[in-house]
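Residue strings, one per chain:
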Amino acid sequence: LSMRRCSSPSARYADMPPKPEPSFYEEQPFRQLRLRILTAIPPVVMTLLAIWQVGLGHRWGKQPMSNASVMGWGIFLWIVYLRLITVKLITELRPGELRVVMRGLWRSYRIPLNKVKKADAVTFDVRSWGGYGIRSTSRGTAYIAGGSQGVELQLVGGGVVLIGSGHSNELASGIAKQMASSSA
């Protein structure tokens, strides 16, 4: 029996140790009704235009879009809308790092814990950070899906990062424990 070495990418990853489980994990959907209604306006308007032009046979404007274009844009806008309403803010605390992911928008941010000076559970005003989502202000960067609770990280370089969380005390204590164990 001879053993051959496989050079496929999957064989190389099979030898890698598994990722450690996060010590903190939280998924937060964006549930603001007002935002869902506002983002639904373009697909609803395009659907009404399609009914008006394609269904009822009335052309809209001096140089109207073709029926296929109206239908195509309507479908495209509904797909974008459905994608946007499924976006979630995911926070994971792993050994040595805090990871914030915008699932659905393919955005991932990694904050090494050795760059964090202090972590505090805080109550904040969403407007002072510019609203929901990923926001950069003169004060720092915020990752907010909803609510007014979160963890404020004071960075070694002087910056501030705010991470919205429904379990801010648990996240702050988890970060503090990891920071204490890595400095010891």
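The preceding data block contains the structure.
Residues numbered from 1 in each chain as written. Predicted model: local features only at pLDDT ≥ 70, side-chain atom pairs only at ≥ 80, totals over all residues. Heavy atoms only, no water.

(A) View of the overall build of the chain. Tallying secondary structure elements over the chain gives 4 helices and 9 strands in all. Reading the secondary structure of the chain in the N-to-C direction produces α-β-α-α-β-β-β-β-β-β-β-β-α. When each of the 184 residues of the chain is scored for burial, the buried share is 33%. Considering only contacts within the chain whose residues lie at least 6 apart along the sequence, 53% involve residues at least 24 apart. Summing over all exposed atoms, the chain offers an accessible surface of approximately 12200 Å²; the carbon and sulfur share of this is 59%. (Helix = DSSP H or I, 4+ residues; strand = E, 2+ residues; numbered from the N terminus. Buried < 20%, exposed > 50% of the residue type's maximum accessible area, 1.4 Å probe, protein only. Contact = heavy atoms within 4.5 Å. Areas by Shrake-Rupley, 256 points an atom, 1.4 Å probe, with all protein chains shown as cover.)

(B) Representation of helix α2 (residues 33–55). Remark: the principal bend of α2, roughly 35°, maps to I41, with a proline, P42, within the next four residues. Within the span of α2, buried status applies to A40, P43, M46, L49, A50 and Q53. At the exit of α2 stands G57, carrying a positive phi of roughly 80°. (Bend = angle between axes of the 7 residues up to and from the residue.)

(C) Spatial organisation of the pairing of strand β9 (residues 160–164). The element β9 is extensively covered by neighbouring structure, given that 5 of its 5 residues are classed as buried. Side chains V160, L162 and G164 of β9 all project onto a buried face; the interleaved residues V161 and I163 project onto the opposite face, where all are buried too. Where strand β7 (residues 141–144) and β9 come together, 3 bridges link them in parallel fashion. Bridge pairing in β9 links A142 to L162. Counting the residues that bridge the hairpin from strand β8 (residues 149–155) to β9 gives 4 residues, and of these G158 lies at a positive phi of roughly 105°. (Pairing = 2+ DSSP bridges.)

(D) Representation of a nonpolar patch on the surface within the structure. A contiguous nonpolar patch, built from V44, L48, I51, W52, L56, W60, W78 and L82 and spanning about 830 Å² of accessible area, is present on the exposed surface. Put simply, the parts of the chain that give the nonpolar patch at least two residues each are α2 and α3 (67–84). Under the relative-accessibility criterion, L48 is labelled exposed at 52%. (Patch = residues over 30% accessible without salt bridge, like charges linked within 9 Å, V, L, I, M, F, W, Y side chains within 5 Å. Salt bridge = Lys/Arg side-chain N within 4 Å of Asp/Glu carboxyl O.)

Just distances and angles here, no functional claims.
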